[in-house]
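# Remarks on the overall topology
This is what each chain is made of:
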Protein chains: 2
Amino acid sequence: MRRSNLALVLRHLRDAGPRSRARIAVETGLNRGTVSSLTAELIDRGLVREGDVERGGSVGRPGQTVELDGRGIGGIGVEINVDYVTAVVLNLSNAVVFEHRVALDVQALPAEAVLDAVTELAIRALAECDERQVTPVGMTLAVPALVDTDDGVVAFAPNLHWTKVDAVSGLRRRLDGHTPGFWGSLPRRHSAIQVDNDANLAALGEFAMGSRAGTADLVYLTGETGVGGGVMVDGRLLRGAAGFSGEIGHMPLNPGGDLCGCGRRGCWETMVGLAALLRMAATPDDPVCDPSLDLEQRLSMLSGRADAGEPRTLDALKLVGEALGLGASILVNVFNPRVLVLGGYFASLGDYLLEPMLAELHARVIAPDACEVALSTLGFTAAARGGAHVALEAVLDDPTLVALRHTP
Amino acid sequence: MRRSNLALVLRHLRDAGPRSRARIAVETGLNRGTVSSLTAELIDRGLVREGDVERGGSVGRPGQTVELDGRGIGGIGVEINVDYVTAVVLNLSNAVVFEHRVALDVQALPAEAVLDAVTELAIRALAECDERQVTPVGMTLAVPALVDTDDGVVAFAPNLHWTKVDAVSGLRRRLDGHTPGFWGSLPRRHSAIQVDNDANLAALGEFAMGSRAGTADLVYLTGETGVGGGVMVDGRLLRGAAGFSGEIGHMPLNPGGDLCGCGRRGCWETMVGLAALLRMAATPDDPVCDPSLDLEQRLSMLSGRADAGEPRTLDALKLVGEALGLGASILVNVFNPRVLVLGGYFASLGDYLLEPMLAELHARVIAPDACEVALSTLGFTAAARGGAHVALEAVLDDPTLVALRHTP
DNA sequence: CTAATTTGTCCGTTAGCCGGACAAATTAAG
DNA sequence: CTTAATTTGTCCGGCTAACGGACAAATTAG
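A short tour of the structure in this document, coming up. Note that the structure is a prediction, hence the values are computed from the model and not measured.

## Remarks on the protein's contact with DNA strand C
If you check the shell around DNA strand C, you find 24 residues, and the closest are B:A22, B:S36, B:G60, B:R61 and B:Q64. For DNA strand C, a base nitrogen lies 3.3 Å from a polar atom in the backbone of A:R61. Backbone polar atom of B:Q64 to a phosphate oxygen of DNA strand C: 2.7 Å apart, as the coordinates give it. Going through the elements one at a time, helix 1 (2-16) and helix 3 (32-44) of chain A together with helix 2 (21-28) and helix 3 (32-44) of chain B are the ones with two or more residues in the surface near DNA strand C. Of the residues assigned to the surface near DNA strand C, the class counts are 7 nonpolar, 10 polar and 7 charged.

## Considerations on the interface of chain B and chain A
The figure often quoted for interface size is the accessible area lost as the parts come together. Chain B puts 40 residues into the contact, and the matching count from chain A is 40 residues. Across the interface of chain B and chain A, roughly 3400 Å² is buried in total on both sides, 62% from carbon and sulfur atoms. Applying the counting rule to chain B against chain A returns 2 salt bridges. The partner of B:D234 in a salt bridge is A:R236, and the shortest N-O contact between them spans 3.3 Å. There are 18 residue pairs in polar contact (both at pLDDT 80 or more) connecting chain B and chain A.

## As for the sheet that holds strand 4 (residues 73-80) of chain B
Residue and element names in this part refer to chain B. Spatial strand order, 6-5-4-7-11: 5 strands in an open sheet with mixed pairing. The strands lining the two open edges of the sheet, one partner per strand, are strand 6 (96-103) and strand 11 (193-197). Between one strand and the next, the sheet's axes are offset by a mean angle of 15°, whatever the strand orientation. By the bridge criterion, 7 bridges tie strand 4 to strand 7 (residues 135-143) in an arrangement that is parallel. Across the sheet, residue I73 finds its bridge partner in strand 7, namely T135.

## Thoughts on the protein's contact with DNA strand D
Residues in close proximity to DNA strand D total 25 residues, the closest being A:A22, A:S36, A:R61, A:Q64 and B:R2. Backbone atoms, meaning sugar plus phosphate, form 68% of the atoms of DNA strand D positioned within 4 Å of the protein. Measuring from a phosphate oxygen of DNA strand D, one finds a side-chain N or O atom of A:S36 at 2.5 Å. Breaking the surface near DNA strand D down by element, the ones donating at least two residues are helix 2 (21-28) and helix 3 of chain A together with helix 1 (2-16) and helix 3 of chain B. For the surface near DNA strand D, the element with the most residues is helix 3 of chain A, which contributes 3 residues.

## Side note on the pairing of strand 7 (residues 135-143) of chain A
Residue and element names in this part refer to chain A. Counting buried residues along strand 7, 8 of its 9 residues qualify, which places the element largely inside the surrounding structure. Where strand 7 meets strand 11 (residues 193-197), 5 bridges bridge the pair, whose relative direction is parallel. Bridging from a neighbouring strand, V143 pairs with N197 of strand 11.

## Examining the pattern of salt bridges
As enumerated under the stated definition, the model contains 50 salt bridges over all chains in all. Between A:R21 and A:E50 there is a salt bridge, with the nearest N and O atoms lying 2.7 Å from each other. Placement of the pair is A:R21 in helix 2 and A:E50 in strand 2 (residues 48-53), with a sequence separation of 29 residues. Among the salt bridges present, the one from B:R174 reaches B:E112, with a minimum N-O distance of 2.6 Å. Within this pair, whereas B:R174 is found in helix 5 (residues 167-177), its partner B:E112 is found in helix 4 (residues 111-131), the two being separated by 62 residues in sequence.

## A word on the sheet that holds strand 2 of chain A
Residues and elements named next belong to chain A. Strands sit in the order 1-3-2 across an open sheet of 3 strands; the sheet is antiparallel. At either margin of the open sheet sits one strand with a lone partner, and together these are strand 1 (19-20) and strand 2. Two elements, strand 2 and strand 3 (residues 64-68), share 4 bridges in a ladder whose sense is antiparallel. Counted as the bridge partner of V48 is L68 from strand 3.

## Some details on the environment of A:A391
Residue and element names in this part refer to chain A. Inspection of the secondary structure puts A391 in helix 14 (residues 382-397). Using a relative accessible area of 3% as the deciding quantity, one classes A391 as buried. For the pair A391 and R14, spaced 377 residues apart in sequence, the C-alpha to C-alpha distance is 16 Å. Sequence-distant contacts of A391, that is, excluding residues within four places in its chain, are made with G75, I76, V137, G138, M139 and T140.

## What about the pairing of strand 5 (residues 84-91) of chain A?
Residues and elements named next belong to chain A. Counting buried positions along strand 5 gives 8 out of 8 residues, so the element sits mostly inside the fold. Residues Y84, T86, V88 and L90 of strand 5 are buried on one face, and the alternating residues V85, A87, V89 and N91, pointing to the opposite face, are buried as well. Sheet topology note: the strand 4 (residues 73-80)/strand 5 ladder contains 7 bridges and is antiparallel. Bridging across to strand 5, G75 finds its partner in L90. In the sheet, strand 5 pairs with strand 6 (residues 96-103) via 7 bridges, with the strands oriented antiparallel. Its bridge partner lying in strand 6, V85 is registered against V102.

What counts, and where the lines are drawn
- Residues numbered from 1 in each chain as written.
- Chains lettered and ligands numbered in written order.
- Predicted model: local features only at pLDDT ≥ 70, side-chain atom pairs only at ≥ 80, totals over all residues.
- Heavy atoms only, no water.
- Near = heavy atom within 4 Å.
- Polar contact = N/O pair within 3.5 Å; in protein donor to acceptor, adjacent residues only side chain to side chain.
- Helix = DSSP H or I, 4+ residues; strand = E, 2+ residues; numbered from the N terminus.
- Nonpolar A, V, L, I, M, F, W, Y, C, P; charged D, E, K, R; others polar.
- Contact = heavy atoms within 4.5 Å.
- Buried area = accessible area lost by both parts, 1.4 Å probe.
- Salt bridge = Lys/Arg side-chain N within 4 Å of Asp/Glu carboxyl O.
- Pairing = 2+ DSSP bridges.
- Axes fitted to C-alpha atoms, helices over the stretch in contact; angles between N-to-C directions.
- Buried < 20%, exposed > 50% of the residue type's maximum accessible area, 1.4 Å probe, protein only.

Laid out in structure tokens, this is it:
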């Protein structure tokens, strides 16, 4: 009961911003005395601090505001992708404490070697936490894969060539062996290290700190090699019975269409995946198809051509935009989200994709006042940020995880 | 706190069946004394009764079991469909107290006249409650429409020709005027009368009392004139931001396909709706297409032909089954449900649809151990039952809604 | 028949929220 | 400038309800 009320006040402070105790009491329905007691405890745990005094508001004694003090708590998110590994540390206020990216040819390396690299990155993140006096409360790994979140096992990651990799145990073991001082600062809770699907975490990242943060019903689409999706339903992440939800890349939208990597024809991915865009926008011997280029180089080339008005590129983007709207209409009809966020390359090239996409979407969505479409502002870091956010959620759910400073 | 623990025990008793107080205490984590006190209160509210004594279990004093006593509480569900109105009363144990169906050409009547008919049916249901000493706790209207559940307004029901019909107010007003004795027995809570989408409620009905009752992640598909869908996510109904989720009939799966009633081409509905089946299985002058027939008559004719091995009918069912699997694969990949329940005519003709559907589904679903497919056993009453269940949920959420018998 | 075990109830203890009282700090009015 | 009014934050008593332990009752094993 106490726990749940502490969480209530802490969340309210995060969502609604700094305010006086009396106001919190009115807004949460708790008693003023109770709020005083709760905030005192939160202050003692270092999660909240007193801020300015509300002056000149109206008649009466001015209120002493209290506000979230996220500086002392950090959540770590690490994303493993095809050609890089990224780590982000966010504090409770969602401010970036640490961010680092390492290029890594994950497909070419055994999973163990990748976990070694992840460990190295995690240790750097933990060192930064230590230096900045940030207490790490958890770490989440984002992987482009079907993940068993309960066991912390990556079941199947086609793009990484991983099958049944026990990522959580592997990471825990490495951190245990390596400099126990750092690991000692991560709590021993079972859930202190987690793994999850990257698109799911990216959706959470958008929900936590994207341009439309806090939108309870949100669909996130990301365009990379394939197409990924993550869905927030009523403020909670949709996971499905086995945690395998959001597999939207293989919706069969074009019966006689192109062959997909999955062996079938006409999957959405064959219409809006990066490969489809390249195929339509360029011949195979075009420089943009050079296999030594990475994603961002390709995108800047395409973007440059589109800006220059190159017709083939513009045509390709229009077709991809229409196909994007076609598939998105299904998701919008099924989920009725408030907003659809486009990430990955859909965001990078959004200026050109948005118009044809919206036309198709509006033509096909049943519900009036169809949902808005927004471009992600988190770039390629959404998943790592979502991972960090998941770790922080544990504290917002149960503030007593953070130790008291003074003995009571 | 008390309320939430009363609800906890009551739900546990419903979900897990009769058992001793000591066992409830162990299973819920509550203290034995607390459970004694809670069950005493639930018994006093007439929601629970003492049952058999557990004999011969093991050493020790045998336990006095307590069990859900749903007989005194009733939830009312009323379904408005194109050609009939159905009312169902369920008690807390999900047993049918009352069930009645009235044929009604809803499209031909003004909404006010339909609400009159609904009121008449509701009054009969309330009378039956009165006679059987069942206390009604709420009523839910199921409508094939986009519904604003907060305001109780039917926003748009194409098949009924309804737009912006304030169904809850209309029904409340009629019941207020009519025999206040009956209405008096319905609580005055704002939420005592609700409206919701029929497919959503049917999904809830399957979740509450279908063959796979209690499956937290469940997708329900119903084939009637169109195709409807309702989704349970983690034990809760998916509603979407505006309550317009589950619009799956118009997924564009066949770009150059047939013209749909919505004005577009190749919607799923044009491949698996009843009209599609009839078109493929019979010529327009075939007796089965006679407009004076109702749904069930048509289905029994088709079913008879299939049983007799009529080739055109079998071919049509195979094609529909495949198209069903095609669209269902999208839903399964997106939601990763534990089970997919087929209702409406999909259930009636399930024997012939299932095989081609499963073949298509298994070929297209990404996740291993793809979800099961079950045929609904609730027939065409799933939505009304789901509505009754919604009304009953209020009591399971807050048992104190039911008055105490003895003064404490 | 006795010991062991399990159940259900009773009772004292404790956690924690609520309501009211009160001092402090401010604005509005005279 | 003074006084009244208002609002805030804290403190204290009261109350609800869960918990833990004790105990009688009812049963099985030996």
